[in-house]
Amino acid sequence: MLPLSLLNAALASTVLVELKNGDSYNGHLITCDAWMNIILKEVIFTSKDGDKFQKIPEIYIRGNTIKYLRIPDKIVDNVRIEQERAAQQGGFQKRSNDRNQRGKGGRDNRGRGDRNNKKRD
């Protein structure tokens, strides 16, 4: 949960992304999804060796190619405070309990459907 909440909190801020192949991209984070695929705008590309630089208007980066992301400390601190506050209020615990108590829609406790529970004449 933490990496995605960090990415969502970092939307519209400047981030540095290093890929597994060593290339890095520095730009404004526009969108991210559950697989950590991201779109950056106003990007400065730096090659692995550091000898090539290129300005790119927009780039899509697949999440499975990302080695690490550098996010501003201010955003990291804000997310940490929010998660601590939610944990103190029982927000995360409450969600998991609600999920466990929902049941299986139309099934009894033994996992059988409603048709087995009807009275027979």
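Coordinates for the structure precede this section.
Residues numbered from 1 in each chain as written. Predicted model: local features only at pLDDT ≥ 70, side-chain atom pairs only at ≥ 80, totals over all residues. Heavy atoms only, no water.

Trainee: How should the nonpolar core be read in this particular structure?
Mentor: In globular proteins that are soluble, nonpolar side chains generally tend to be buried together. Residues V17, Y25, I38, L40 and I61 are the most contacted members of the largest nonpolar core, which totals 20 residues. Of all the secondary-structure elements, those providing two or more residues to this core are α1 (2-9), β1 (14-19), β2 (24-32), β3 (38-46), β4 (53-61) and α2 (73-88). Element by element, the count of residues in this core is highest for β3, at four residues. Apart from the residues within four sequence positions on either side, L40 is in contact with V15, V17, Y25, G27, H28, L29, I30, P57, E58, I59 and I61. (Core = buried A, V, L, I, M, F, W, Y, C linked by side-chain atoms within 4.5 Å. Buried < 20%, exposed > 50% of the residue type's maximum accessible area, 1.4 Å probe, protein only. Helix = DSSP H or I, 4+ residues; strand = E, 2+ residues; numbered from the N terminus. Contact = heavy atoms within 4.5 Å.)

Trainee: I would appreciate a short explanation of the packing of aromatic side chains in the present structure.
Mentor: Counted by the stated rule, this structure contains one aromatic pair. Ring geometry for Y25 versus F45: centroids 5.1 Å apart, planes at 45°, classification tilted. Note that Y25 is positioned in strand β2 and F45 in strand β3, a separation of 20 residues in sequence. Across the pair, F45 and Y25 agree in class, each one buried. (Phe/Tyr/Trp six-rings, centres within 6.5 Å; stacked < 30°, edge-to-face > 60°.)

Trainee: I tried to follow the sheet that holds β4 on my own but got confused; where do I start?
Mentor: Strand pairing in a sheet takes place through backbone hydrogen bonds and is either antiparallel or parallel in direction. Spatial ordering of the open sheet is given by β4-β3-β2-β1-β5, a layout of five strands whose pairing is antiparallel. Each end of this open sheet is capped by a strand with a single partner; those strands are β4 and β5 (66-70). Strand-to-strand twist of the sheet, defined as the mean angle between neighbouring strand axes without regard to direction, takes the value 30°. Pairing analysis gives seven bridges linking β2 to β3, with the strands arranged antiparallel. Looking across to β3, one finds that C32 is bridged to I38. (Pairing = 2+ DSSP bridges. Axes fitted to C-alpha atoms, helices over the stretch in contact; angles between N-to-C directions.)

That is the geometry; function is a separate question.
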